[in-house]
Structure formats: C-alpha cells, structure tokens
Amino acid sequence: MIGLILLGTCGLILLGMATSRVGLLAVLIGAGTALVPVGFVVGAFLWIDRWEPEPTRLLLAAFLWGACGATISALLINDSARAVGDLLLGPSGGDFLSSVVSAPLVEETAKALFPLALMLRRRHEFDGVVDGIVYAGVTAAGFAFTENIFYFGQGFAQAGFGNATSGVVAVFILRGVLSPFAHPLFTAMTGIGLGLAAGSSRAAVRFFAPLLGFLLAIGLHVLWNAAATLGGGLDFLDVYFLIMVPIFAGMIWLVVWQRRREQRIVVDQLPAMAEAGWIAPSEVALLASMAGRRWWLGRVRHRAGEEAARAVAGYQTAVTELAFVRHRMHNGTCGGDSDQRHAELLATLHQARAAAVNAPGALGISNNRQPRRRPGRPR
C-alpha cells in the first residue's frame, strides 16, 4: 500500500511537470497517443509469458515502477546532469552529458531495480530467462510510456498533429513505429542476466550474469542515444539496421528457444505428476502444449461457460508452476525452502483442481478422485 501511494505521488508530480512544460491539452494528447505503442509492447510480453503467467499484481507493479518511480528518478538526475554540463561545458555539453552519459546509466539502473528486487525478495516468482525478460520488459514499457507522453506532448505543443516530418505524427513514426521496443530491448539485457543467475547454481554465473547484462543494457542505450544525438540521419540508420535490428531478431530467437525449453520442462514433469494422482493421465497430452491447453479451455468455455474456463486456466497454471519448482529442485536452484515451496504449490494445485472439478463440465473426472502417493525426488 505504501509503495502504491509513493508511486501515485510520483505520477502526480510527473503530471504536474509535464503540464507546466507543454500544457494540459498536449499532455492529454500525448497520453492518448502513447497508449498505442505501449499496448502493443505489453501485449507482446504477455504473449511471451503464456506458459506460466506471472501474477497480474506484480506485472502491474513493474509497469507502475517503470512509468512513475523509475521515470521521476531518471528525470531529476538527468536534468541535474544537463545543468552541470551546461555550467561546465556550455549548452551543447549539457545535452551531451545528459543524453549520452547520464541517461543510459541512470535510466537502466532505475529500470533494473524492480526485476532485481523481485529476484532477491520473491525468488519463487522468478524462474529463469523468460521471467527476467518479461519483468524487465514490462518495467521498461512503463518507462517508455511516460517518456512518450512527454515527447508526443512536446511534438503537439511545437507543431500540432503535424505530418511525417513534424508534430505528433513525426514523433509517433519515430518512437511508436520504428522503435517501440527500444527501452524494453535495452532493459531486457539486464533481465536475461538476472534470469541466467536465477537458473544457475554456480556462484560465478549468479554474480557475473546480471552484471554483464546490466553493462550490455547501458552500452546499447549509450549507442542508441549517441547515434540519435551526435550522429546524422545516416549514422542513426546504420546503428538502427546494422546493430539494433539484428539484436532484436536475436532476442526473438532467444524467447522462442526459451519457450520451447519451458515446454520441455513441463512435459518432463507431467508423467510423475500423473503417476502421483495429482493430474489425470488423460490430461497429460493436453497440458503438454499450448495448443492442447487452448483447445481444452475452448471446449470448456463453449460447454460450461467462462467461470469453468477460468477454473481450468487456474488449474493449468498451478500444474506449470509445480513442474517448474520440481525442475529447479532437481537442479539445485530452488533455494533452502524448496520443500516448503513444493508443498505450498501442491496444495495450490489441489485447490485449483477442486475448483475445476466443481465447475460443471470443466474436468471429465470423478469428484472423488484423491491424490495418491508423492513421487520421489523431482526429476
């Protein structure tokens, strides 16, 4: 609650600052325009996260931290850096110091704080690289949303809606069409490092992976800002197409590969869970793929309604979370409270299954089916 109050206060301060700079109408138009790219970006990260959807409250907290907490921290420090640069190096020196030195370091640090804190304090919600990318990306999407409000509002204040070379339209083409994933791409480097650390039992990996990911995030941000600030149009296009686009393509490949890895983890754990009676043997094939899960939910929704479909969706998520925990226990990366966490998730699975059983038509099994013995050590 205190955190939400603080973030809300930061949001009000940002609203006041933006209004004082470009006017309330420009802020409202900027906010409406900024909703377009942020909706697409957040939707992409939610799609990535379909195997084990993260809690909505944590994703919302990540977005709010990026949109309010990280943004106001970066804004205050970057403005200070610009003032110091103007004082020491002249007007052009202030812009250089702020955009090429201060902004990448401060903004990536501020955005990284949420996924880092989550990994340290809510370790059970941080399973690996995909979770790192999702939390870092959603945080950065929040940051970009607020930043876009400023830029779109400024474009409107200067030239109205404009055209392809000025005003809101020009800014939207640059930030909403060509580079909506810029901030998420930078911060995803930190998320990948945190994810690698979370999935490893080696001390060196757990220390150096987040550090290298963070440094790479800063490096990409410096390169992007330097190309936009110091270089000409051709220099920026070279950086965009020769560096950023290939890295973005590599990120897509990594996400696809990690999603397939997550599927294999679930598939490997399902037989033992069925043997224990936690899931029905007839459900193994349906739980082993996203296509099977979607088909199951579609049939339940058509036959029994939305409430029954939600019950089955909760059951599917509980199965996935338990499978991941059992996998981490096998690899020794689950932490000292692994047995307790396993027991809690098993209880959650039983509750989710009971809810699905009680929803008519959700599960075609007897309500009296009881879980049998617990299998041996997770494999």
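About the cut-offs
Residues numbered from 1 in each chain as written. Predicted model: local features only at pLDDT ≥ 70, side-chain atom pairs only at ≥ 80, totals over all residues. Heavy atoms only, no water. Helix = DSSP H or I, 4+ residues; strand = E, 2+ residues; numbered from the N terminus. Rg over C-alpha atoms; globule rule 2.2 N^0.38 Å. Buried < 20%, exposed > 50% of the residue type's maximum accessible area, 1.4 Å probe, protein only. Areas by Shrake-Rupley, 256 points an atom, 1.4 Å probe, with all protein chains shown as cover. Lys, Arg positive; Asp, Glu negative; His and termini not counted. Charge placed at Lys NZ, Arg CZ, Asp CG, Glu CD. Axes fitted to C-alpha atoms, helices over the stretch in contact; angles between N-to-C directions. Parallel < 35°, antiparallel > 145°, perpendicular 65-115°, else oblique. Left-handed = near helix turned anticlockwise from the far one by under 90°. Contact = heavy atoms within 4.5 Å. Nonpolar A, V, L, I, M, F, W, Y, C, P; charged D, E, K, R; others polar. Expected span 1.5 Å × (residues − 1). Bend = angle between axes of the 7 residues up to and from the residue. Patch = residues over 30% accessible without salt bridge, like charges linked within 9 Å, V, L, I, M, F, W, Y side chains within 5 Å. Salt bridge = Lys/Arg side-chain N within 4 Å of Asp/Glu carboxyl O. Polar contact = N/O pair within 3.5 Å; in protein donor to acceptor, adjacent residues only side chain to side chain. Phe/Tyr/Trp six-rings, centres within 6.5 Å; stacked < 30°, edge-to-face > 60°. UniProt positions renumbered as here; feature names shortened; annotations may be inferred.

> Give a detailed account of the overall build of the protein chain, specifying residues and quantitative values.
Across its full length, the protein chain holds 13 helices and zero strands. What you see in the protein chain, going N to C, is helices and strands ordered as α-α-α-α-α-α-α-α-α-α-α-α-α. For the protein chain, whose C-alpha radius of gyration is 23 Å, the value lies close to the compact-globule estimate of 21 Å for 379 residues. Counting every position in the protein chain, which comprises 379 residues, the buried fraction comes to 51%. Element-wise, carbon and sulfur atoms account for 67% of the exposed surface of the protein chain, whose accessible area totals about 17,800 Å². Charge-centre separation for the protein chain: the mean point of 31 positive side chains lies 10 Å from the mean point of 24 negative side chains.

> I'd like to hear about the packing of helix α3 (residues 56–89) against helix α5 (residues 129–159), residue by residue, with values.
At their nearest, the axes of α3 and α5 sit 7 Å apart, and the two run at 50 degrees to each other. With respect to each other, α3 and α5 are oriented oblique. The two elements α3 and α5 cross, and the hand of that crossing is right-handed. Contacts between α3 and α5 involve L58, L59, A62, F63, W65, G66, A67, A70, T71, A74 and L75 on the former and, on the latter, V134, Y135, V138, T139, A141, G142, F143, F145, T146 and F150. Considering only residue class, the contact of α3 with α5 consists of 16 nonpolar, five polar and no charged.

> Give a detailed account of helix α2 (residues 24–48), specifying residues and quantitative values.
Over its 25 residues, α2 extends 36 Å from the first C-alpha to the last, a length consistent with the 36 Å expected when each residue adds 1.5 Å. Of all the bends found along α2, the most pronounced is centred on L35 and spans about 30 degrees, while P37, a proline, follows it within four residues. Packed against the buried residues of α2 are α1 (2–22), α3, α5, α6 (167–178), α7 (182–198) and α9 (233–275).

> Describe a nonpolar patch on the surface, and please don't skip the residues or the numbers.
Taken together, F161, V169, I173, L174, V177 and L178 make up a surface patch of nonpolar side chains, about 490 Å² in accessible area. Here I173 lies in helix α6. Overall, I173 belongs to the partly exposed group, its relative accessible area being 34%.

> Pulling in residues and values, what's your account of the side chain of H183?
Assignment of secondary structure puts H183 in helix α7. H183 gets classed as buried once you look at its relative accessible area, which sits at 7%. Among the polar contacts made by the side chain of H183, one reaches the side chain of E147 at a distance of 2.8 Å. Not counting residues within four places of it along the chain, the set of residues in contact with H183 comprises E107, E108, K111, A140, F143, A144, E147 and H221.

> Would you mind going over the packing of aromatic side chains in detail, with residue names and values included?
Enumeration over the complete set of coordinates arrives at 15 aromatic pairs. Between F126 and Y135, the aromatic rings sit 6.1 Å apart at their centres with planes inclined by 20 degrees, giving stacked as the arrangement. Each member of the pair, F126 as well as Y135, carries the same accessibility label: buried. Aromatic pair W253 and W257: ring centres 6.0 Å apart, planes at 0 degrees, arrangement stacked. In this pair, W253 and W257 are both assigned in helix α9, four residues apart and thus about one turn of the helix distant. The exposure class of W253 is exposed, given its relative accessible area of 57%. With relative accessibility at 39%, the residue W257 sits in the partly exposed group.

> Report on the UniProt feature "transmembrane region" (unreviewed entry) in the protein chain, specifying residues and quantitative values.
Those places that UniProt annotates as "transmembrane region" (unreviewed entry) correspond, in this numbering, to residues 28–46, 58–77, 132–152, 172–195, 207–227 and 239–257. Span residues 132–152 is 100% helix and 0% strand, its end C-alpha atoms 29 Å apart.

> Give me the lowdown on the packing of helix α4 (residues 91–121) against α7, citing residues and values where you can.
For the pair α4 and α7, the least separation of the axes is 10 Å and the interaxial angle reads 30 degrees. The hand of the α4/α7 crossing is right-handed. Here α4 contributes E107, E108, K111, A112, P115, L116 and M119 to the contact with α7, which in turn contributes H183, F186, T187, T190, L194 and A198. Of the residues assigned to the contact of α4 with α7, the class counts are seven nonpolar, three polar and three charged.

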